[in-house]
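# Residue-level structural notes
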Amino acid sequence: NPAVFEYLDLMRWALGRSDPDFPLFRGITLAWDNSARRGRDAFVFHNFKHEYYERWLLDICRWTIDRRPTEERFVFINAWNEWAEGTYLEPDVRHGHESLRATRRALEAADEYASIRTWLQDRNEAQRLLAFLEQRERVERCLVDSIARVDQQSRELREEIHRLRQSWSWKLTRPLRWLIDRLK
């Protein structure tokens, strides 16, 4: 007998897989039933719903956006017209254009996610730059304050030296200082 699985279980299994150590391009399928070609060796994923497919596609698009550079953001959809396996995006009598609509909704949501993510990264970069500039401004203020203190202390020392040189004790000890300088 064919191996029969729930489509939702396939989706959960695929989304729950850990990231490999190599570049991975995720793939997705719609309904699947290859019993017409494989007989007892077939796989069947039943209880397919377009809502599950749309969610799965959006999740792997987000996964791809989060992990791959823009030029490597590929997601593979199986398949356009695998009618014998029951997996196809083409419109049909039963579902109309719903597979294509679900694909469009998921891709539009993924595009919005990528835009928001880019905006947030740009915003985070701007916030980091702003934090750097604020830190730099604090350091500059600290340096300016330090320089101002040193300048003030220097002025005070010059004033003290000037007062000292104007004092009577300085004038009286002038010959003694001259003698000490000569003896050195």
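Scroll up a little and you will see the structure.
None of these values were measured; they are calculated from a predicted model.

What follows is about the pattern of salt bridges. In the structure shown here, the tally under the stated rule is 14 salt bridges. Its salt-bridge partner being arginine 104, residue glutamate 108 comes within 3.9 Å of it at the nearest N-O pair. Here glutamate 108 pairs with arginine 104, and both are found in helix H4 (residues 98–166), just four residues apart, close to one helical turn. Exposure remark for glutamate 108: the relative accessible area of 48% places this residue in the partly exposed category. The network of salt bridges with common partners includes Asp19, Arg26 and Arg67.

Turning our attention to the nonpolar core. Residues Tyr7, Ile28, Phe48, Tyr53, Trp56 and Leu57 are the most contacted members of the largest nonpolar core, which totals 23 residues. At the level of secondary structure, the elements contributing two or more residues to this core comprise helix H1 (7–16), helix H3 (50–67) and H4. By residue number, the principal contributor to this core is H3, which donates seven residues.

Before going further, it helps to spend a moment on a nonpolar patch on the surface. Residues Leu176, Trp178, Leu179, Ile180 and Leu183 make up a contiguous nonpolar surface patch of roughly 550 Å² in combined accessible area. The residue leucine 179 is located in helix H6 (residues 174–183) in this model. Residue leucine 179 is classed as partly exposed on the basis of its relative accessible area, which comes to 42%.

Attention now moves to the packing of aromatic side chains. This structure, assessed with the given rule, holds seven aromatic pairs. For the pair phenylalanine 48 and tyrosine 53, a centre-to-centre distance of 6.4 Å together with 50° between the ring planes defines the contact as tilted. A connected cluster of aromatic rings, assembled from ring pairs, spans Tyr7, Phe48, Tyr53 and Trp56. Against the face of tryptophan 63 rests arginine 26, its NZ or CZ located 4.2 Å from the ring centre.

Before going further, it helps to spend a moment on the environment of glutamate 125. Its place among the elements puts glutamate 125 in helix H4. In the structure, glutamate 125 is positioned eleven residues away from arginine 136 in sequence and 16 Å away in space, judged by C-alpha atoms.

Moving on: the side chain of aspartate 92. With respect to the secondary-structure elements, aspartate 92 resides in the loop between strand E7 (87–88) and H4. Engagement of the side chain of aspartate 92 in a polar contact is seen with the backbone nitrogen of arginine 94, the distance being 3.4 Å. At a separation of 2.6 Å, a polar atom in the side chain of aspartate 92 contacts the main-chain amide nitrogen of histidine 95.

Another aspect to go through is the pairing of strand E4 (residues 43–46). Bridging between strand E1 (residues 3–6) and E4 involves four bridges; their strand directions are parallel. If you follow alanine 3 over to E4, its bridge partner there is phenylalanine 43. Sheet topology places strand E3 (residues 32–33) next to E4; two bridges connect them, and they run antiparallel. Within E4, the residue paired with aspartate 33 across the bridge is valine 44.

A few words on the sheet that holds E3. Within the open sheet, the three strands sit side by side as E1-E4-E3. Their pairing is mixed. Edge strands, defined here as strands with exactly one partner in the open sheet, are E1 and E3. Each of E1 and E4 is contacted by H1, which is oriented at about 75° to E1, the strand it contacts most.

About the thresholds
- Residues numbered from 1 in each chain as written.
- Predicted model: local features only at pLDDT ≥ 70, side-chain atom pairs only at ≥ 80, totals over all residues.
- Heavy atoms only, no water.
- Salt bridge = Lys/Arg side-chain N within 4 Å of Asp/Glu carboxyl O.
- Helix = DSSP H or I, 4+ residues; strand = E, 2+ residues; numbered from the N terminus.
- Buried < 20%, exposed > 50% of the residue type's maximum accessible area, 1.4 Å probe, protein only.
- Core = buried A, V, L, I, M, F, W, Y, C linked by side-chain atoms within 4.5 Å.
- Patch = residues over 30% accessible without salt bridge, like charges linked within 9 Å, V, L, I, M, F, W, Y side chains within 5 Å.
- Areas by Shrake-Rupley, 256 points an atom, 1.4 Å probe, with all protein chains shown as cover.
- Phe/Tyr/Trp six-rings, centres within 6.5 Å; stacked < 30°, edge-to-face > 60°.
- Lys NZ or Arg CZ within 6 Å of the ring centre and 35° of its normal.
- Polar contact = N/O pair within 3.5 Å; in protein donor to acceptor, adjacent residues only side chain to side chain.
- Pairing = 2+ DSSP bridges.
- Contact = heavy atoms within 4.5 Å.
- Axes fitted to C-alpha atoms, helices over the stretch in contact; angles between N-to-C directions.

By themselves these figures say nothing about function.
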